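# Close look at the chain arrangement
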Amino acid sequence: MPTPVGRTETEVLADLVQLTASPGYVHAIAFICHRDNLVLYRDELNPKDMAHLFTNDRLLRTEITTLLGLMVRQALDMSVPTVEVLGYLVERTDTLMLELHHALSRPMLSSLTAQAVSGSTAEIGWDGMSMREPIFYGTESAYSFQYRDLLPTKYGADDTWLVEKMGFTITQAQLVASTMCNLMDEKACATFAKSRAPVIDPHILIGAFEYSAQLVADSSGLDVPIVEAVFGALTLTGDNLQFQTIGDFNAVAATPLLPTGRGTVLLFQHYAIYEALYESPFFWMWADKPYRPTAMEHRGAFAEQFSALRLRAVFGQDNVHTNVNLFKGKDVAGEADVLVVFGDRLIIIQAKAKKLTLEARKGNDGQLKSDFAAAIQQSYDQGWICANIIVEGECRLENDQGRELKLPHPPKEIYLFSVVSEHYPALAFQSSQYLTYQTTEVIKAPLVMDVFLLDAIAEMLTSPLRFLSYIRLRIAAAGKVNLSHELTALGFHLKRNMWLDEEFSYVMIDDSYAVDLDTAMTVRREGHPGKHTPEGILTRLAGTRYEQVISQIEAEANPATLELGLQLLAMNEDAAFNVHRGLEAITRMTREDGQGHDFTIGAEQGNSGICFHSNRMPSPAAMRRLQFHCHKRKYIMRSDTWFGLAVDGDCDIQFGVTLNFPWTESDQMDELTRDAQAPAPISSLKSLIRQSNGRKVGRNEPCPCRSGKKYKKCCMS
């Protein structure tokens, strides 16, 4: 197999430098931004409207920023090219950017080729040069509106310094940025309407991206001097000649407003100004040596405070604690930045305000691993220490107010989160390659994320069980999935549950699985009309008995039923509907005859199963009956774990049973289960449903299981 060949990155960049210096090239940038970034919709925003953002034939934000960085190495030429010249500039740009991608991919492809030729089955060790491609082309870490919305939380404590030194508060800067982006949308739509003529007029393209301080002041209601102060902080100065290769500092990223020389500035992308405002203020403060300690303190506290804020929205105020010290005697043996306690499940978060350095972005292998160790490995190690101290049980926990924190139950599972507050490109991929970790029966494999992913998970999975179930399933699938970004995994889960059949040893999840998530997040945060929740596990089971049981389980956080809730949420959609159908049938029968009724969902030998029982009133006898029934089923199936759940006629939970101990052969149990049958197959639920309904159901009538489908398309088929 030949080694991939082609022009080097340096050769391609030389051509790009020459191309971006062409008279009027800025209009080619305007055309590309209209083509690749504009999302149009009618009535409601839906995933199809955003699907083109996931195609391979558009330029990414990092690519456009690179082109801008090369263009401003000389004075900006605003002359307008002819239609023919504009077409050539755009076509040549696309060709060279594709060639640049090939050049950056070559070290990675060479490693793969060498391994294939050698026949080696060892896992590839990704060095710094191979990492440059996923770092540069990886999916965006954050949504642009997340950068915008987090600004007051991140820098609100620094407002006094910002007003004194920069002339504006962070909220005022946020308003300037959002006003410019809203104007960009309005003007881009108007430009699109004009550009539908047979021949595109290059004059109109740049208008969507050009702003004056007076225009922004009039649109935002801010005074012109405040807008000018924000412009001054974010406007490019100098020639950007230090930007020579991919990975060099590109001043356009920190100062995305480009002066036109005619009293206006250009801004080409929402993402650019929001990201610059999220990252640049810290460096402004860093230049003020007396203020550095305060800036560092605020920066470090942000990730902890924001993580706690989002988790409290899911788990409740009383279940989320910050800066928890773990004492052994009088000594502090560890500190958890954030500790979540839900029943017998814990989440330990260690937060860091770290980002990837320029040297690492250039492919310096040692620096790349050093950055990762400081940002991720160190935080994981701290979380591991805390988890082990808690498991040992001989420690005293004290929260940030000096009050002792007592755990309600010995922890059954502890999840470790390493959270960074800054954009960290290819974070999921780097973690899969570089993170060294351990696990025990209680302490699970870690999850590495930034505050933006945590925000998205908490936004979409708003209940404790839903949140914990996703974390559990994501960790279980860690060695079986290949994906470029964790938002892709979340999008996949929301559509079909992060449930992977055991017959698949490895699954590649395409980035397009995130389009429904992206749409829902945009609808929620930007206020566009559309669906707030992606079609999938959160919508198709809404209103079912299955969902009713899960809601009741998480309301109590009782260890006796908590594990059952997680088992239910780990089911695929067909199994979940079968639980609903069975519960609907036995509760209807209990309402009609007042008697107890049962059904069992069995599993393959060695796996867990569930016995469901309905009864009019809870009683000790019913509890003993269910427990004995579960014990027999557990023994028959040779399982280590079995669950039982008793409900009343309205499907309200009465009590739960969890049997969790190793299966061992027993003469007594052999005798007790001699005549017992294995759990009936799921298909037998259909006859149970028909029996519970008590009458013949028409083909086109609503299914008696209340799935919302017609009978012929549900339990009849």
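The structure we're discussing is the one just above.
In this report, the structure presented in the accompanying data block is examined. Since the model is a prediction, treat every value here as computed from it, not as a measurement.

Moving on, we get to the overall build of the protein chain. Along its length, the protein chain carries 28 helices and 16 strands. Expressed as a percentage of its 717 residues, the buried residues of the protein chain come to 53%. Of the contacts made within the protein chain by residues no fewer than 6 positions apart, 71% connect residues no fewer than 24 positions apart. Of the roughly 31,400 Å² of accessible surface on the protein chain, a fraction of 51% belongs to carbon and sulfur atoms.

What follows concerns the pairing of strand S9 (residues 413–420). In terms of burial, S9 is largely enclosed, as eight of its eight residues are buried. The sheet contact formed by strand S6 (residues 345–352) and S9 spans eight bridges and is parallel. Among the inter-strand pairings, Ile347 is bridged to a residue of S9, identified as Tyr415. Sheet analysis places S9 next to strand S10 (residues 447–450), joined by four bridges and oriented parallel. Residue pairing in the sheet places Phe417 in a bridge with Leu447 of S10.

In this section: the side chain of Gln350. Topologically, Gln350 is positioned in strand S6. At 3.4 Å, the side chain of Gln350 and the backbone oxygen of Glu335 are in polar contact. In this view, Gln350 contacts Glu335, Ala336, Asp337, Ser379, Gln382, Gly383, Cys386, Phe417, Ser418 and Val419; residues no more than four positions away in its chain are not counted.

In this section: the packing of helix H19 (residues 451–460) against helix H21 (residues 486–496). Packing of H19 against H21 leaves a shortest axis separation of 10 Å and a crossing angle of 10 degrees. Considering their axes alone, H19 and H21 lie roughly parallel with respect to each other. Within the contact between the two elements, H19 uses Leu453, Ala456, Ile457 and Met460 and H21 uses Glu486, Leu487, Leu490 and Leu494. Of the residues belonging to the contact of H19 with H21, the class tally is seven nonpolar, no polar and one charged.

Our focus in this paragraph is helix H23 (residues 545–556). Look at H23: 17 Å from first C-alpha to last across 12 residues, which is about the 16 Å you get at 1.5 Å a residue. When we look at burial in H23, the residues that qualify are Arg545, Tyr546, Val549, Ile550, Ile553 and Glu554. Taken down its axis, H23 places every buried residue within 165 degrees of arc, on the same side. Where H23 is buried, its residues touch strand S5 (331–342), helix H20 (464–476), helix H24 (559–569), helix H25 (573–593), strand S15 (641–647) and strand S16 (653–660). Within two residues after H23, Ala557 carries a phi angle of roughly 55 degrees, on the positive side.

Here Gly543 is to be found in the loop between helix H22 (515–526) and H23. In this structure, the C-alpha to C-alpha distance between Gly543 and His580, residues 37 residues apart in sequence, is 9.8 Å.

Pairing within the open sheet is mixed, and its four strands lie in the order S13-S14-S15-S16. With one partner strand each, in any of the chains shown, strand S13 (597–601) and S16 form the two edges of the open sheet. Across this sheet, the average inter-strand angle for adjacent strands is 15 degrees, counted without regard to direction. Examined bridge by bridge, S13 and strand S14 (residues 609–614) share five bridges and lie antiparallel to one another. Paired with Thr600 across the two strands is Cys611, which belongs to S14. Sheet strands touched by H25: S13, S14 and S15. Its angle to S13, the strand with the most contacts, is close to 170 degrees.

Here we take up the packing of H20 against H23. When two helices pack together, their arrangement is given by the angle between the helix axes and the distance between those axes. Between H20 and H23, the shortest axis-to-axis distance is 8 Å and the interhelical angle comes to 95 degrees. The angle between H20 and H23 places the two elements in the roughly perpendicular class. Contact residues: H20 offers Pro464, Leu465 and Arg466, while H23 offers Glu547, Ile550, Ile553 and Glu554. Looking at side-chain class alone, the contact of H20 with H23 contains four nonpolar, no polar and three charged residues.

For the coordinates displayed, the defined rule picks out 20 aromatic pairs. Summarising the aromatic geometry, the rings of Tyr143 and Phe145 are spaced 5.1 Å apart at their centres and angled 10 degrees between planes, so their arrangement reads as stacked. Grouping residues by exposure puts Tyr143 and Phe145 together as buried. By way of ring pairs, the aromatic residues Tyr147, Tyr271, Tyr278, Phe302, Phe306 and Phe452 are connected into one cluster. Positioned above the aromatic ring of Tyr211 is the side chain of Lys187, whose terminal nitrogen or guanidinium carbon lies 4.5 Å from the ring centre. One residue, Arg299, lies across the ring of Phe282, its end atom 4.2 Å from the ring centre.

Let us now look at the pattern of salt bridges. Scanning the entire structure with this criterion turns up 34 salt bridges. Put simply, Glu422 and Lys154 hold a salt bridge, and the shortest N to O gap is 3.1 Å. Linking Glu422 in the loop between S9 and helix H18 (427–434) with Lys154 in helix H7 (residues 144–155), this pair joins segments that are 268 residues apart in sequence. A salt bridge links Arg310 to Glu459, with the shortest nitrogen-to-oxygen separation between them at 3.3 Å. Here Arg310 is found in helix H15 (residues 292–315), whereas its partner Glu459 is found in helix H19, with 149 residues between them in sequence.

Residue Asn323 is not a glycine yet carries a positive backbone phi of 50 degrees. With respect to the helices and strands, the residue Asn323 is situated in strand S4 (residues 320–328). Taking the relative accessible area as the measure of exposure, Asn323 reaches 25% and is therefore partly exposed. If you check the backbone angles, Cys651 has positive phi at about 70 degrees while not being a glycine.

Thresholds, definitions, all that
Residues numbered from 1 in each chain as written. Predicted model: local features only at pLDDT ≥ 70, side-chain atom pairs only at ≥ 80, totals over all residues. Heavy atoms only, no water. Helix = DSSP H or I, 4+ residues; strand = E, 2+ residues; numbered from the N terminus. Buried < 20%, exposed > 50% of the residue type's maximum accessible area, 1.4 Å probe, protein only. Contact = heavy atoms within 4.5 Å. Areas by Shrake-Rupley, 256 points an atom, 1.4 Å probe, with all protein chains shown as cover. Pairing = 2+ DSSP bridges. Polar contact = N/O pair within 3.5 Å; in protein donor to acceptor, adjacent residues only side chain to side chain. Axes fitted to C-alpha atoms, helices over the stretch in contact; angles between N-to-C directions. Parallel < 35°, antiparallel > 145°, perpendicular 65-115°, else oblique. Nonpolar A, V, L, I, M, F, W, Y, C, P; charged D, E, K, R; others polar. Expected span 1.5 Å × (residues − 1). Arc of directions from axis to C-beta. Phe/Tyr/Trp six-rings, centres within 6.5 Å; stacked < 30°, edge-to-face > 60°. Lys NZ or Arg CZ within 6 Å of the ring centre and 35° of its normal. Salt bridge = Lys/Arg side-chain N within 4 Å of Asp/Glu carboxyl O.

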